[in-house]
Amino acid sequence: MKRQNKYRKFQLQQKNIEALEKENSRFKRVYSEYENMSNELWNLENSNGEAVPDDFINAMVLQTSYLEDEIEDWLLQFNEKKTQIKH
């Protein structure tokens, strides 16, 4: 059985992400970078190939967490904007 990619934490908000990608090119670039980095991290941690230095993986984890924080901020603002429009 395949292990699930723990770095793909925004799967439940895919509709909001798609809407944000259409309206904001910077968000689209950041989210694309996040997807690439999270996939690479998952592959590195789950491959049977040559070992990668922990410092390198830790740096990727840190960068991915920065991207996650930025994406979370955008999603919060997007959800607040949607809520304000409904009221």
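Cut-offs used in this document
- Residues numbered from 1 in each chain as written.
- Predicted model: local features only at pLDDT ≥ 70, side-chain atom pairs only at ≥ 80, totals over all residues.
- Heavy atoms only, no water.
- Helix = DSSP H or I, 4+ residues; strand = E, 2+ residues; numbered from the N terminus.
- Buried < 20%, exposed > 50% of the residue type's maximum accessible area, 1.4 Å probe, protein only.
- Areas by Shrake-Rupley, 256 points an atom, 1.4 Å probe, with all protein chains shown as cover.
- Salt bridge = Lys/Arg side-chain N within 4 Å of Asp/Glu carboxyl O.
- Core = buried A, V, L, I, M, F, W, Y, C linked by side-chain atoms within 4.5 Å.
- Contact = heavy atoms within 4.5 Å.
- Phe/Tyr/Trp six-rings, centres within 6.5 Å; stacked < 30°, edge-to-face > 60°.

As recorded in an unreviewed UniProt entry, the protein goes by Phage protein and comes from Chryseobacterium candidae.

Glancing now at the overall build of the protein. When helices and strands are tallied, the protein shows three helices and zero strands. Ordered by position in the sequence, the α and β elements of the protein form the string α-α-α. Classification of the 87 residues of the protein by burial places 26% in the buried group. Put simply, the protein shows about 6600 Å² of open surface, and 49% of that area lies on carbon and sulfur atoms.

Right, let's talk about the pattern of salt bridges for a bit. This structure, assessed with the given rule, holds two salt bridges. Residue Glu23 is joined to Lys81 by a salt bridge in which the shortest nitrogen-to-oxygen separation is 3.3 Å. Of this pair, Glu23 sits in helix α1 (residues 14-23) while Lys81 sits in helix α3 (residues 54-86), placing them 58 residues apart in sequence. Lys81 sits in the partly exposed class, given a relative accessible area of 41%.

Here we take up the nonpolar core. Grouped together as the largest cluster of nonpolar side chains are 16 residues, with contacts concentrated most on Phe10, Phe27, Tyr31 and Ile71. Phe27 has contacts with Ile17, Leu20, Glu21, Ile71 and Trp74, leaving out every residue within four places of it along the chain.

This part takes up the packing of aromatic side chains. Counted according to the given criterion, the structure contains five aromatic pairs. Between Phe10 and Tyr34, the ring centres sit 5.4 Å apart and the planes meet at 70°, which makes this aromatic pair edge-to-face. Here Tyr34 lies in helix α2 (residues 25-46) and Phe10 lies in the segment before α1, a separation of 24 residues in the sequence. Each of the two residues, Phe10 as well as Tyr34, counts as buried. A centroid spacing of 5.9 Å and a plane angle of 40° characterise the contact between Tyr31 and Tyr34, whose relative ring orientation is tilted. On the criterion of helical spacing, the pair formed by Tyr31 and Tyr34 is a turn pair, its members being three residues apart in helix α2. Assigned by exposure class, Tyr31 and Tyr34 land together as buried. In textbook terms, an aromatic cluster arises when at least three aromatic residues are bridged by ring pairs, as seen for Phe10, Phe27, Tyr31, Tyr34 and Trp74.

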